[in-house]
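# Chains, contacts and geometry: an overview
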Amino acid sequence: MNQLLQLIAFGIVQGATYALLAASFWLIYATTRTFHLAHSVTYAVAGYAAFVISVQLGLSLWLGAFASVISAAAVGCAIDAILYRPMRARGASVLSIFLASLGVAAAGAAALQLIFGPLVKQVPGFPNATLYLGSVTVTRLQVLTAFCAAATIFLVFLFITRTRTGNAITAVRTNPTMAMAVGIPVERISVLVFGIGSAMAGLAAFFETISFVAYPTMGLQPVMFGVIGVFLGGIGSIRGAALGGFVLGFLLVFSGLFLSQNLGVILVFAVLLVVVVFRPEGLLRSPSGA
Amino acid sequence: MGGSYIADLANQITFLVALAVSLNLLLGFAGQMSMATAAFYGLGAYTCAIMTAQGMTLTGAAVIGPGWPFLGGLASAIVVSFVGGLVVAAPAARRVRGDYLILLTLAFHFLVVTIASSWVGLTGGPNGIVVPPIGFFGYEINTTDQAFWFLLAWAAFVSLVCWWIGRSPFGRLLRGIREDEIAIQALGKRTIAPKSLAFAMTAAMAGATGAISAAYMQFVAPTTYSLDLAILVAACVALGGPGNILGSVVAAIVIGALRPILENVPSLSSDSAVPWQTVIYGSILVAGMVFRPRGLLPEGLIAMRRFPREAISAVPRVVQATLLKTVGERDQPALAKSSVPNPMIASPIVRVRNLSKSFGGLQAVKDVSFDLHPGEIVALIGPNGAGKSTIFNLMTGAIRPDQGEVTLHGQSLAGADPCAVARSGMARYFQHVRILPGLSALNNVAIGVPRQAGENLAMTFLAPMRVARGEAEVRAEALRQLENVGIAPHANRTAQDLAFGQQKLVAFARLLATGAQVLLLDEPTSGVDPQAADQIIALVRTLAQSGKSICIVEHSLHVVSELADRILFMNAGAIMAEGTVEAITTRPDLVDLYFGT
Amino acid sequence: MDLAKDHSGTPLTVSGLSARYGKRVVLTDVNLHVDEGEIVTVLGHNGAGKTSLLQSIMGMMRDRSGVVRSFGHDISRRSYYRNVAAGISMTPAESPVFRPLSVVTNLRLGAYSTSPPDLDDRLNEIFKIFPRLRERRDQLAGTLSGGEQRMLAIGMAIVNRPRLMLLDEPSIGLAPATAAMIMTEIARLCSTTGVSILLVDQNVRSALRLSSRVYYLRMGKIILEESAKAARARDHYWDLF
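Residues numbered from 1 in each chain as written. Chains lettered and ligands numbered in written order. Predicted model: local features only at pLDDT ≥ 70, side-chain atom pairs only at ≥ 80, totals over all residues. Heavy atoms only, no water.

### As for the interface of chain B and chain A
Facing 44 residues of chain B, the contacting portion of chain A comprises 40 residues. Area buried by chain B at its contact with chain A is led by Y100, L103 and F110 of chain B, which between them contribute 15% of it. There are 0 salt bridges connecting chain B and chain A. Our enumeration of links across chain B and chain A arrives at 5 residue pairs in polar contact (both at pLDDT 80 or more). For the side of chain B that touches chain A, the element with the most residues is helix 4 (residues 99–118) of chain B, which contributes 13 residues. (Contact = heavy atoms within 4.5 Å. Buried area = accessible area lost by both parts, 1.4 Å probe. Salt bridge = Lys/Arg side-chain N within 4 Å of Asp/Glu carboxyl O. Polar contact = N/O pair within 3.5 Å; in protein donor to acceptor, adjacent residues only side chain to side chain. Helix = DSSP H or I, 4+ residues; strand = E, 2+ residues; numbered from the N terminus.)

See below:
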């Protein structure tokens, strides 16, 4: 029983982070149909931004967090505006855009290594402590990470469903022709979702950096978890993507019960195969063909 | 391992060449993207390592494998990666969109990397496994120089296999799938199996290369099989030109030579050579996709086997004459169209019975029944949204009816998908043509020929002579059909370079190549100039005279009145009237339905 | 076409408009104009280029050439969202609403480019015209019937108070009574607000009843222009399609 509660706690902590990553990838992928693997570079830049501000410049961790989010948003917008937008305008195929994204992912990580060197970077200084909640043990940082991730997803969900701009994003996502007809500037919406989605990834990267370390290829695994979360939960809505992230976190944590450590990815892969075969639209089907 | 440094550099490049060429089979020919190149390379390497390792691992534990010789390890690597490829690809191949394959290959990559670094008992974890050297029939390769010729031969062999597949009918099928999978299915070709097979072949070749590399390095460790390697290989393919084997070879040699060159730049530390190489090929990949998406050596430069020029210039001009003649007959009374005296006497080929279909609350098709007879041209007309296209979709199995059924030659088509329907002899001509833009006109048509021996990959290797003979017949048939529609002189041109009217004629030739007895034509003349329209009209009439049953949906009443023996007038999903052109166009109530009241 | 007449200040003047999708030429040298407060209909069968015509005018198609002028401005190179903000509305024929959003959100998105301060008043006006929309204001647009979706689409077009409307097949797929209601509403809009309308429709006769002039489009070319009166006098239109 105690072990179960502990696993649930870890599942929530992991799941919230993966849900944040899935929601961030979903926003970009569902709205612009870009399989944006270069998201991993955005993520790593955000990690290093925290290092530069909080360690190299010696400023506070709060400024580091701010720098992570802002630099991620800037990188995401820049990739869309400089690279993807001209390619879309020229009618490039989905495959060429994906290959260009791969090029950015590879070159970006290598460039970070050239700038900051191959050694990992730590950002210490978070006043961490272990919390004992009944029989469950978690760290303060884990709680904060999970809370910020969940809160961010909720805020983005509110933004998408409640605001004028959020509705315009849904409009572009579900009916681009009609969106153009009512005068929604589709390319601006595209840059906007790259900005928001990247900022979300930047937040996740900040927490990873202060919990562990920053290194050039730190973005690959989180982006993969985000991608899997999106397809697992459902490409039709942000709720589906976030759900997928949570399911992923719980799968990985609970697989520890019967698989040796780190091998939960076997279970994840098996579940993914089943979903692609039997429920290609994901676990959460979206309402009214959204 | 001893031997010269230069030979080692060359050997590393041969691995890159083999990987790039095998990925080209998938990315270039089939148009599918895999992120799992490094994963299958690693899967093969680890399989070989586990099966051949002897004695103790680096950590001191006893190895768990059977200690087979190298060739056994290589064979097991090929089998494991081939099967692994099928497991990854088969679910994704069911979907037309390539995103699912990217997803699954990406997940598979992490699966392999995680197992390699975490399952210590099997893989040695981060410490890796020591692998015995390459050796067969008592001969062992122990220096880089000895290995070079073997590895060069392997890379050449893989390139030849891919090149052979690429120019085979199976390769043509893959290219067709890349260009337009729906169109290929509508020609009666299965697409899931070829896609999965192409993926599994790519995986097997990467796995075999991995096994050889493991035995060459005499060591495997997880860091070798990174996503960067997968991207590096994809960059070689994309830059060399998807679909161009030679391009991949050249690109792999150039990009592979970057690292040793950078390592010898004095101002760079040896640590930064690899990231610099990555920055350079990553940037080249980005620039290539922006400025030259078809690669530096596009497929068209070294196209598939072309038809000899002489053969084309020798095309008899009879066709042109026939066409002119039929066009000339246009002024004759509309009734004398079909050569079959009274189609109603012959028994119908197609029976449509009580078809109904609703989408949501909208009843798109209501209880529709009609017959098609041999040699007859039936036109479906009616205002937009009357359900005409839905009827075609129901007849070809693209959507399932709620009620009713279609029989062809007395056989029910219930439950058949478009591929099965096309195979049983009812083929569809798409309104938006769905030409295969990157293929030559001749290949566009050749792909329509049914039951080609060479579309079976095994036959391509096991019975090459039979495949070659079959292919000669297919090409002759394709050329004959191009002659039929009067554009044989353009046989070798890429379809996307043809005028729209010519593309429509190519699509017609392709439709005829399927040998289908029943032709469903969706707006055959829309979007072409009047001259091309006349050509198409004449063609359709000739087809009916040769005994085909033709059903057309056409909004141009000019075309309908030129062609149709019988008109079915549809409105709001139901057939309102049936009769000759004159009977329909003069009925005031139908005029009201068509043009409103 | 009357070349001597100056169309510089008119709602819409199209000269020499050509457009293509890749290899396929969809419009060739189209010339037409719409005068103040006028309803003009473009007739033509499916695939004749009607939708491409509206999208080219709106700035939604990439490969096009020719000059489009509206209210004294050359809008040939103006983006679609500036055109909407400048008072041109466009209603596509197929899926003209955002299915996963509510009726009222759809209507608000109609005003996205101008965000007028009196938006709520404008919504009430639209609810007055189409009371059915008020009843279903919080329902998802995807759950509406075809006729209700079409009303919503018209509502989204007029919430901006456009001076020129481009309507693509507003009666497609509707039951005759609903279609007639929609067409009547369009005519009433034109007479009460003075908006000019370029209408594409397949219900030839009902479109002709509203219009003053008609263009026949076939294979991307205008083959004939005539007054609606002359067009109404025809027995049928088989030879023009």
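### Observations regarding the nonpolar core
Counting 266 residues, the largest nonpolar core has L102 and I184 of chain A, F108 of chain B together with L198 of chain C as the members making the most contacts within it. Among the elements that take part in this core, helix 1 (residues 2–32) of chain A stands out by supplying 14 residues, more than any other. (Core = buried A, V, L, I, M, F, W, Y, C linked by side-chain atoms within 4.5 Å. Buried < 20%, exposed > 50% of the residue type's maximum accessible area, 1.4 Å probe, protein only.)

### Considerations on the domain arrangement of chain B
Much of the literature gives interface size as the accessible area that the parts lose upon coming together. Residues and elements named next belong to chain B. Its domain assignment divides chain B into domain 1 (5–226), domain 2 (335–425 + 516–597) and domain 3 (435–514). Taken over C-alpha atoms, the centre of domain 2 sits 27 Å from the centre of domain 3. At the boundary of domain 2 and domain 3, one finds 0 salt bridges. Mapped onto the side of domain 2 that touches domain 3, the elements with two or more residues apiece are strand 11 (518–522) and helix 21 (530–545). Here the residues of the side of domain 2 that touches domain 3 sort into 10 nonpolar, 4 polar and 1 charged. (Domains from an automatic or database assignment. Nonpolar A, V, L, I, M, F, W, Y, C, P; charged D, E, K, R; others polar.)

### Section: the sheet that holds strand 11 of chain B
Residues and elements named next belong to chain B. Read across the open sheet, the 6 strands follow the order 10-11-12-7-13-14; overall the sheet is mixed. Sheet topology places strand 10 (426–429) and strand 14 (574–579) at the edges, where each strand pairs with a single neighbour. With strand direction ignored, the average angle separating the axes of adjacent strands in the sheet is 20°. Where strand 13 (residues 566–571) meets strand 14, 5 bridges bridge the pair, whose relative direction is antiparallel. Note that in strand 14 the partner of F569 across the bridge is A577. Where helix 20 (residues 500–513) meets the sheet, it contacts strand 10 and strand 11, and its direction lies at approximately 175° from that of strand 10. (Pairing = 2+ DSSP bridges. Axes fitted to C-alpha atoms, helices over the stretch in contact; angles between N-to-C directions.)

### Overview of the environment of L285 of chain B
One can find L285 of chain B in helix 12 (residues 273–291). The class for L285 of chain B is buried, based on a relative accessible area of 0%. Taking C-alpha positions, L285 of chain B is 14 Å from L297 of chain B, a pair spaced 12 residues apart along the chain. Dropping the residues within four chain positions of it, L285 of chain B is found in contact with L99, L102 and G103 of chain A together with I231, A235, A238 and L239 of chain B.

### Digging into the sheet that holds strand 4 (residues 64–70) of chain C
Residues and elements named next belong to chain C. As summarised here, the arrangement of the 4 strands in space is 2-1-4-5, forming an open sheet in which the pairing is antiparallel. Two strands bound the open sheet, and with one partner strand each, they are strand 2 (24–34) and strand 5 (73–74). Sheet topology note: the strand 1 (residues 12–21)/strand 2 ladder contains 7 bridges and is antiparallel. Residue pairing across strands places Y21 opposite R24, the latter belonging to strand 2.

### So, the interface of chain A and chain C
Taken together, the contact pairs 27 residues of chain A with 26 residues of chain C. Both faces combined, the contact of chain A with chain C buries some 2,200 Å², and carbon together with sulfur accounts for 66% of it. In this structure, the connection of chain A to chain C is made through 0 salt bridges. Our count for the contact surface shared by chain A and chain C stands at 6 residue pairs in polar contact (both at pLDDT 80 or more). At the level of secondary structure, the elements contributing two or more residues to the side of chain A that touches chain C comprise helix 3 (61–89), helix 6 (164–174), helix 7 (176–181) and helix 8 (186–211) of chain A. Ranked by the residues each element gives to the side of chain A that touches chain C, the list is headed by helix 6 of chain A, at 7 residues. Here the residues of the side of chain A that touches chain C are counted per class, giving 13 nonpolar, 9 polar and 5 charged.

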